[in-house]
Amino acid sequence: MFEDSLEVLDHVRLHFSPAGILALNIALAFIMFGIALDIHISDFRKIITRPKSTLTGIVSQFLLLPALTYLLVLFLRPTPTVALGMILVAACPGGNISNFISSLAKGNTTLSIGLSAIATMAATFMTPLNFAFWGSLYTHFYNRHDAEALLRPLHIDSGQMFQTVFILLGIPLVLGLIFARRFPRLTVKIRGPIRKLSVGIFIAFVVIALAKNFEFFIQFIHLIFIIVLIHNALALVTGYSASTLMKLPQTDRRTIAIETGIQNSGLGLALIFNPKIFPPDMELGGMAIIAAWWGIWHIVSGLSLSWFWSRKPVTDETEAEPLVNVHHHSHAEGK
């Protein structure tokens, strides 16, 4: 009965504007610049000296989440397009806003940036591999021959992926680090306003995304809300549990939970709407709506979680002095 009710999603066509995607990318670059003001270049040594956190984040992102998503799909038994949409989202790398949310949550921002860069580059081969592997298991487990046509080879341009990382992550990060070092007093003054403006920008994008597809979300939200809620919660719990089992510092646990729970569903949508991968005549409404609502919901859940964690002090003795304070000391020493 649950599967039958979801079949109506396959006929839906969502509206996405290329100009809106460009505006979002520009906003992300601005937000990355603001995040860079809170860290110091010497903090990146922690990624090298504490490789366990980095490895845990990668395993949680590309191994644990897709595997648990597959089990969730077997439990919920949605339509093939919704099931493969969930698997595709789980196969995508962490979203770029994870750095911003990790910063708000008093997590390890440097680890977050490093994991985002590694995961985004690894996605050139891990995203297609995970989608093909877990998607094939799903079709064979249920003997769903009707879903086999959806298992299209995912060709991700490695050059384009590198360009995305370089523009959205690399350039703003370097500029922010240089600016903070050259203008320490000005940095202290603008850090707060930029952070508040960043929150406002993301709230605006949530409102705009809902407005453009409002009719669809109102009509079908009752069909996908619980699915995405459970899936996103599973991702967040997976990241936090894996890092807790590895006995990582609390800031790293928060960051890995966010990196696992904030997925680059925008990449999933780009793949779904790529005519070279999925022909335009294929009815992929289920996949598209899952990816689209993920893109909205993970911002809501991420900001909510960061608000909660921002009010809970970090209790690990090894983290008595968080990254932001280290950065402040570096500014004070430079005055």
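Keep in mind that this is a model prediction, so the values were computed, not measured.

**Some points on the overall build of the protein**
Regarding its fold elements, the protein presents 14 helices and zero strands. Helices (α) and strands (β) of the protein occur, in sequence order from the N terminus, as α-α-α-α-α-α-α-α-α-α-α-α-α-α. The buried share of the protein, reckoned over its 335 residues, is 53%. The long-range fraction of contacts in the protein, counting pairs at least 24 apart against all pairs at least 6 apart in sequence, stands at 86%. Counting every atom, the protein has about 15500 Å² of accessible surface; 69% of that belongs to carbon and sulfur.

**Details of the packing of helix 6 (residues 97-104) against helix 11 (residues 250-261)**
Where helix 6 contacts helix 11, the axes come no closer than 9 Å and their chain directions differ by 150°. Of the possible angle classes, the one that applies to helix 6 and helix 11 is roughly antiparallel. Between helix 6 and helix 11 lies a crossing of right-handed hand. Each of Ser98, Asn99, Ile101 and Ser102 in helix 6 lies in contact with helix 11, whose residues at this interface are Thr255, Ile258 and Glu259. Here the contact of helix 6 with helix 11 is composed, by residue class, of two nonpolar, four polar and one charged.

**Details of the nonpolar core**
The biggest cluster of nonpolar side chains holds 38 residues, and the ones touching the most others in it are Met86, Ile87, Phe131, Tyr138 and Ile290. Counting residues per element, the ones that place at least two in this core are helix 4 (51-76), helix 5 (80-91), helix 7 (109-141), helix 10 (214-245), helix 12 (265-272) and helix 13 (285-310). The greatest single-element share of this core, amounting to ten residues, is contributed by helix 13. In contact with Met86, not counting residues within four places along its chain, are Thr69, Leu72, Val73, Leu76, Pro78, Ile227, His231 and Ile290. Core analysis: the next-biggest nonpolar cluster, separate from the first, contains 19 residues, Met32, Ile97, Ile101 and Leu104 among them.

**A few points about the packing of helix 4 against helix 5**
A packed helix pair is summarised by two numbers, namely the angle formed by the two axes and the spacing between the axes. With their axes 9 Å apart at the nearest point, helix 4 and helix 5 run at an angle of 165° to one another. Here helix 5 runs roughly antiparallel to helix 4, going by the angle between their axes. Our pair here, helix 4 against helix 5, has a crossing hand that is right-handed. Side by side, helix 4 and helix 5 meet where Gln61, Phe62, Leu65, Pro66, Thr69, Leu72, Val73 and Leu76 of the first sit next to Ala83, Met86, Ile87, Ala90 and Ala91 of the second. Taken together, the residues of the contact of helix 4 with helix 5 break down into eleven nonpolar, two polar and no charged.

**Re the environment of Thr120**
With respect to the helices and strands, the residue Thr120 is situated in helix 7. C-alpha separation for the pair Thr120 and Cys92, spaced 28 residues apart in sequence, amounts to 8.3 Å.

**So, the confidence of the model for the protein**
Taken as a whole, the protein shows an average pLDDT of 76; of its residues, 66% reach a score of 70 or greater. A low-confidence stretch, residues 317-335 stays under pLDDT 50, and its non-local contacts, those more than four residues away or across chains, total 30 contacts.

**What to know about a nonpolar patch on the surface**
The grouping of Val59, Leu63 and Leu64 at the surface amounts to a nonpolar patch, some 220 Å² of accessible area in total. Its place among the elements puts Val59 in helix 4. Val59 sits in the partly exposed class, given a relative accessible area of 36%.

**Some details on unusual backbone geometry**
Not every positive phi belongs to a glycine, and Arg77 is a case in point at roughly 55°. Summarising the element assignment, Arg77 is placed in the loop between helix 4 and helix 5. Look at Arg77 and you get partly exposed, because its relative accessible area is 48%. The phi dihedral of Lys106 is positive, around 60°, even though this residue is not glycine.

The rules we used
Residues numbered from 1 in each chain as written. Predicted model: local features only at pLDDT ≥ 70, side-chain atom pairs only at ≥ 80, totals over all residues. Heavy atoms only, no water. Helix = DSSP H or I, 4+ residues; strand = E, 2+ residues; numbered from the N terminus. Buried < 20%, exposed > 50% of the residue type's maximum accessible area, 1.4 Å probe, protein only. Contact = heavy atoms within 4.5 Å. Areas by Shrake-Rupley, 256 points an atom, 1.4 Å probe, with all protein chains shown as cover. Axes fitted to C-alpha atoms, helices over the stretch in contact; angles between N-to-C directions. Parallel < 35°, antiparallel > 145°, perpendicular 65-115°, else oblique. Left-handed = near helix turned anticlockwise from the far one by under 90°. Nonpolar A, V, L, I, M, F, W, Y, C, P; charged D, E, K, R; others polar. Core = buried A, V, L, I, M, F, W, Y, C linked by side-chain atoms within 4.5 Å. pLDDT = per-residue confidence, 0-100. Patch = residues over 30% accessible without salt bridge, like charges linked within 9 Å, V, L, I, M, F, W, Y side chains within 5 Å. Salt bridge = Lys/Arg side-chain N within 4 Å of Asp/Glu carboxyl O.

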